[in-house]
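# Fold and geometry: a report
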Amino acid sequence: MEYKLRRTGRRLAAEGAVLEFYRDDMVLPDGQRQTWDYVRHKRGGGACTVPVLPDGRILLIRQYRPAIDREALELPAGACDAGDPDPLTTAARELEEETGYRPGKMRKLCRTLTAIAWCNEATEIYLATELEKVHDQQLDEAEEIGLCAFSMEELCEKIFSGGIQDAKPVAGILAYRAVRDSAPEE
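The following refers to the structure shown. (Residues numbered from 1 in each chain as written. Predicted model: local features only at pLDDT ≥ 70, side-chain atom pairs only at ≥ 80, totals over all residues. Heavy atoms only, no water.)

### Describing the sheet that holds strand E9 (residues 105-113)
Ordered in space as E7-E4-E10-E9, the four strands form an open sheet in which the pairing is mixed. Every other strand in the sheet has two partners, leaving strand E7 (77-79) and E9 as the edge strands with one partner each. Shown here is a sheet whose adjacent strand axes are inclined to one another by a mean of 20°, direction ignored. As judged from the three bridges shared by strand E4 (residues 45-51) and E7, these two strands associate in the antiparallel manner. (Pairing = 2+ DSSP bridges. Helix = DSSP H or I, 4+ residues; strand = E, 2+ residues; numbered from the N terminus. Axes fitted to C-alpha atoms, helices over the stretch in contact; angles between N-to-C directions.)

### Brief notes about the side chain of Thr 99
Structurally, Thr 99 is set in helix H1 (residues 87-99). Look at Thr 99 and you get buried, because its relative accessible area is 0%. In this structure Thr 99 touches Leu 59, Ile 61, Pro 76, Lys 133, His 135, Gln 137 and Leu 147, once residues within four positions along its chain are discounted. (Buried < 20%, exposed > 50% of the residue type's maximum accessible area, 1.4 Å probe, protein only. Contact = heavy atoms within 4.5 Å.)

### What about the sheet that holds strand E1 (residues 6-15)?
As summarised here, the arrangement of the three strands in space is E1-E2-E3, forming an open sheet in which the pairing is antiparallel. The two strands at the open ends of the sheet, each matched to only one other strand, are E1 and strand E3 (33-41). The mean angle between the axes of side-by-side strands here comes to 25°, regardless of whether they run parallel or antiparallel. In terms of strand pairing, E1 meets strand E2 (residues 19-27) through eight bridges, oriented antiparallel.

### Some remarks on the pairing of E2
As consecutive antiparallel partners, E1 and E2 are separated by three residues. Inspection of the sheet shows E2 paired to E3 by nine bridges, in the antiparallel sense. Note on E3: the bridge partner recorded for Tyr 22 is Tyr 38. The turn linking E2 back onto E3 is made up of five residues, and Gly 31 within it adopts a positive phi angle of 95°.

This is the structure we're talking about:
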């Protein structure tokens, strides 16, 4: 399909440490011109894990998020660092730093695009199994993270009741459930 919507210009409006904010000049299908916002994540995004404990429960982190002014249940996650060779390295590093667990096995589950209408941020989501507790949390100076674990049934109830709204755990948990439920029984 050939689209009539097109961008004719982009100019940097503001720049932060992680994000760049642009103003895009757009031509709409009916010929009107508008200015749209675009946010570029300088690192492209990040990675996270769905960490499955030996008893089958899924480990989540609990932390206050100023952007929504409340606590959120999330998967261990973080932005890709310049030194990371790939998102898998980011996912494993963040899991260990935020929880103290090291994964024995990791497998890619899915990739999410956070807000495709106005942002390029992507998150690679991995399944982490055969977890081994190797040390206490090693948190950044700005992190206050609690740990909690839930069964798949408890997590699905939280997702469908609105108790978990962050896109990463919603996508990751439901992707893991689909993979887990489609695996042949041993």
